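Survey of secondary and tertiary structure
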Amino acid sequence: MKIELAENYGFCFGVKRAIKIAEENTNAATYGPLIHNSKEIQRLDKDFKVGLVEDFTTFKSGDKAIVRTHGIVKEELAALKRNGVDVVDATCPFVTKPQEIAHEMSEKGYSVVIFGDEKHPEIKGVKSYATHGAIVVSSVDDVKGIKLHERVALIAQTTRKVEDYMSIANYLIPRHKELRIFNTICNATFENQEAIRRLAKKADVMIVIGGKNSSNTKQLFSISKENCSESYHIEDETEIESEWFKNKTLCGISAGASTPDWIIQNVINSIKNSIV
């Protein structure tokens, strides 16, 4: 059986940047998981003394708090700074942009509609920047029945599928006098999604590696499953089952933007061992 990696996969620019920031700030703590990969979080704690804090109010004056790649709620950031916490911002620039757009469009009187997962930390943060509030939707059905202004600004979570975003845009266009659509899906997401689509179409088994709570990995898995029915989402090599590869000729592999190379290599090695 041949093993083939997608043309684009794994750590994106924002994650690489955040990891570097964390490694340069030892004896600190991230507010919420820096990235959606528990193994990498454990490595940062073990090798660089970068811990994890889930409640921002536990930071005291003089403590060093690293803001995760997904960003945090505007009011929480202000509170940290007000309380004398040394804030190191590792928010991905691709996330900072929709935060700025949400603020600007809300100030200008637009109804701000955000396509994404309302429970996701990125969306919680982006929504908080809309001065006069924002509506979060996850599908076209969510948009139906919602009363919006004549002018609407549409923003997407950075890791969402383009096709789903366009379906919402297409629904809103004929129903409002002005619709401003902002392409806030990051380039790495585009590239990884297109790469896994191409690979899954020719593979007879697909392995998608990444955190089970990682939005971008779940989107990759969804695309993979659409094009290769035998697709499996795993976090690391311990979840691999040898029967997945019986009578298969091509195993495709992709990984989410928060998946480090060392986990990907462990998975490849484990697959090779399971087919010997």
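Above this text is the structure in question.
Residues numbered from 1 in each chain as written. Predicted model: local features only at pLDDT ≥ 70, side-chain atom pairs only at ≥ 80, totals over all residues. Heavy atoms only, no water.

Here we look at the sheet that holds strand β11 (residues 231–234)
We count it as follows: Following DSSP output, two strands are said to pair if at least two bridges run between them. Strands here mean DSSP runs of E at least two residues long; helices mean DSSP runs of H or I at least four residues long; both are numbered from the N terminus. An axis is simply a line fitted to the C-alpha atoms; with a helix, the fit covers only the stretch in contact. Between two such axes, the angle follows the N-to-C directions and lies from 0 to 180 degrees.
Spatial ordering of the open sheet is given by β1-β12-β10-β11, a layout of 4 strands whose pairing is parallel. In the strand order of this sheet, the two ends are held by β1 (2–5) and β11, each with one partner. Within this sheet the neighbouring strands show an average axis-to-axis angle of 20°, counted without direction. Across 4 bridges, strand β10 (residues 205–209) lies against β11 in parallel orientation. Counterpart to I207 in the pairing with β11 is Y232.

With respect to the sheet that holds strand β8 (residues 151–156)
The condition that has to hold: Contacts are assigned to residue pairs with any non-hydrogen atoms lying within 4.5 Å of each other.
Reading across from one edge, β7-β6-β8-β9 is the order of the 4 strands in this open sheet, with parallel pairing throughout. On the outer flanks of this sheet lie β7 (134–137) and β9 (178–181), each paired with one strand and no other. Each neighbouring strand pair of the sheet contributes to a mean axis angle of 25°, computed without reference to strand direction. As paired strands, strand β6 (residues 111–115) and β8 are joined by 5 bridges and run parallel to one another. Of the residues in β8, the one forming a bridge with V113 is L154. The strands touched by helix α7 (residues 162–172) are β6, β7, β8 and β9; relative to β8, the strand with the most contacts, the crossing angle is about 175°.

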